[in-house]
Amino acid sequence: MQINCERLKANLIELSKIGYNEHDRGIYRPGFSDADMQARRWLQEQAQAAGYDTFMDGAGNVFFGRGELNKPAILMGSHIDSVPAGGIFDGSLGVMAALEVLQTMDDHNVKTDTPVWGVATAEEEGRFGGMFGAQAMAGKLNPDWVLSAHDADGVYLKDAMAAQGFNAMDALDAAWRPEQLKAYLELHIEQGPVLFQENLQIGVVDGISGVFKWIVHLKGKADHAGTAPMDMRSDAFMGLADFAHEIERIIAENGTDKTRITVGKVELKPGYPHTVPGEAIFTIVGRDMDEAVMQEVANACRKTLSAIARKHRLMFEYEQSSWLPPKPCSKALTDQIEAQVKQMGYSYLRMPSGAGHDTQFLSEITEAGLIFIPSVNGVSHAPDEWSHWHDVENGANVLLHAAMALLPENGK
Ligand SMILES: [Zn+2]
């Protein structure tokens, strides 16, 4: 049994026209924008035309499928909002593949009592700082956040939703109870270079990496760059540079092959060419799939920075601005997907996801599984995001068979 790749391709291309910008060839469907809502209505029309029931919940999540939702459902999906100047596959792939799987099951007359539904979640890309639709489904919203969330331009979530006819507080009623779900399956592009560079067809995702973010201050003394002798300085940049060189050692001694440490933002004060920098303020973002490893890596960063600060006569302070534990996918479901992929003969890798996905919230209320296909050159969140159609086809076939394997009629 195989999905119909031509139908899936036609749907993805049709959807990519909504919010398309001719100048930069990117897709603009930020959560609750007119284009985003147009895409949601288009999806509902497509699903209805194909003979499915559809509804939109109070958070803007669109559901499509058949069969009353009166027993544990298999839900497949992803999101259809985009970042500004996004590509055609991020999120949309998982949603249109879900519709394709439903249609393929119908084409082959698959009869089941298990409700099988698709979902296009709302505002996954975090315009308002969360993963709104999936959080609503997982019951992870609170009224205070819903009313205070706003985007980078100061537009409030509640106002953006009101402009589209929603009452934001209705999102609090969108939660699913765990007993309503049997499993959630998401197909997504990798958005990184690993599968593409290693020439692998499928990524079987173990879970979403945990991530911590620190804001570090190294404080020394601003001095005249000409009069202060080298051995009498408290140069904050030297401390930062020393730390950068220690990152590889910290990972080798305390991390795993899944550990990432990034210094992504740096500010030197006073930031003048002729002045020894008296202060370095920078971010450290650390990731791993194991929270104990994250802890070890964080401790190693702290010890290393303390030692460096002593050496350069600096004061070291840090503030932990976030600590998100790893979100493992269901081990049983992931093993099952892996077995499926093996049987289908695809080359694959068990891998973590370094990016966040709807799966991380759905995993809190049901067995969740995440499947990746390669991103050409690892590019995403950009107009030149691309995945080859044969990879799209493989991924959708894995989604199909992963869903089929969950039907009780197939022995589960
Ligand atoms: Zn995405």
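Residues numbered from 1 in each chain as written. Predicted model: local features only at pLDDT ≥ 70, side-chain atom pairs only at ≥ 80, totals over all residues. Heavy atoms only, no water.

Asks: Which residues make up the nonpolar core, and what values do they have?
Replies: Residues Leu-43, Phe-64, Met-76, Met-96, Leu-185 and Ile-337 are the most contacted members of the largest nonpolar core, which totals 54 residues. Look past the residues within four positions of Met-76 in its chain and what remains in contact with it is Ala-98, Val-101, Leu-102, Val-116, Trp-117, Gly-118, Val-119, Tyr-184, Leu-185, Leu-399 and Ala-403. The next biggest cluster of nonpolar side chains, apart from the first, holds 24 residues, and it includes Leu-218, Ile-250, Met-294 and Phe-316. (Core = buried A, V, L, I, M, F, W, Y, C linked by side-chain atoms within 4.5 Å. Buried < 20%, exposed > 50% of the residue type's maximum accessible area, 1.4 Å probe, protein only. Contact = heavy atoms within 4.5 Å.)

Asks: Could you give an account of the coordination of the zinc ion, with specific residues and numbers?
Replies: At 2.0 to 2.2 Å from the zinc ion lie its protein donor atoms, namely His-79 (NE2), Asp-90 (OD) and His-188 (NE2). All donors to the zinc ion come from one chain, and their sequence spacing reads H-x10-D-x97-H. Residue His-79 is located in strand β3 (residues 73–79), and its partner His-188 is located in strand β5 (residues 181–189); the two are separated by 109 residues in the primary sequence. Each member of the pair His-79 and His-188 is classed as buried. (Donors = N, O, S within 2.8 Å, 3.2 Å for Na, K, Ca; no water. Helix = DSSP H or I, 4+ residues; strand = E, 2+ residues; numbered from the N terminus.)

Asks: Summarise the pairing of strand β2 (residues 62–66); cite the residues concerned and give the values.
Replies: Taken across its 5 residues, β2 has 4 buried, putting it largely inside the fold. Direction of pairing for strand β1 (residues 53–56) relative to β2: antiparallel, over a ladder of 4 bridges. Counterpart to Phe-55 in the pairing with β2 is Phe-63. Between β1 and β2, which pair antiparallel in sequence order, lie 5 residues; one of them, Gly-60, sits at a positive phi of approximately 90°. Pairing of β2 with strand β4 (residues 116–121) involves 5 bridges; the strand directions are antiparallel. (Pairing = 2+ DSSP bridges.)

Asks: Go over the packing of helix α10 (residues 331–344) against helix α12 (residues 389–405) with me, naming the residues and quoting the values.
Replies: Put simply, α10 and α12 touch, their axes get as near as 10 Å, and they point 125° apart. Accordingly, the angle class assigned to the pair α10 and α12 is oblique. Pair α10 / α12 crosses with right-handed handedness. Residues Gln-336, Ile-337, Gln-340, Val-341 and Met-344 of α10 lie in contact with α12, whose contacting residues are Asn-397, Val-398, His-401, Ala-402 and Ala-405. Among the residues making up the contact of α10 with α12, the classes are represented as 6 nonpolar, 4 polar and no charged. (Axes fitted to C-alpha atoms, helices over the stretch in contact; angles between N-to-C directions. Parallel < 35°, antiparallel > 145°, perpendicular 65-115°, else oblique. Left-handed = near helix turned anticlockwise from the far one by under 90°. Nonpolar A, V, L, I, M, F, W, Y, C, P; charged D, E, K, R; others polar.)

Asks: Describe the pattern of salt bridges, and please don't skip the residues or the numbers.
Replies: Oppositely charged side chains can form a pair if their charged atoms are brought close together. Per the counting criterion, the structure on display carries 19 salt bridges. The closest approach of N and O atoms between Arg-249 and Glu-253, which form a salt bridge, is 2.9 Å. Here Glu-253 and Arg-249 lie together in helix α8 (residues 236–254), a separation of 4 residues that amounts to about one turn. Look at Arg-249 and you get partly exposed, because its relative accessible area is 32%. Members of the salt-bridge network, linked through shared partners, are Asp-206, Lys-331, Asp-335, Glu-338 and Arg-350. (Salt bridge = Lys/Arg side-chain N within 4 Å of Asp/Glu carboxyl O.)

Asks: So what about the side chain of Asp-36? Which residues, and what values?
Replies: By the element assignment, Asp-36 lies in helix α2 (residues 34–49). The class of Asp-36 is buried, set by a relative accessible area of 1%.

Asks: Break down the environment of Gly-220 for me, citing the residues and quoting the values.
Replies: Secondary-structure assignment places Gly-220 in the loop between β7 (210–219) and β8 (223–224). Expressed as a C-alpha distance, the spacing of Gly-220 and Asp-235, which sit 15 residues apart in the sequence, is 5.8 Å. Apart from the residues lying within four places of it in its own chain, the contact partners of Gly-220 are Ser-234, Ala-236, Gly-278, Arg-313 and Leu-314.

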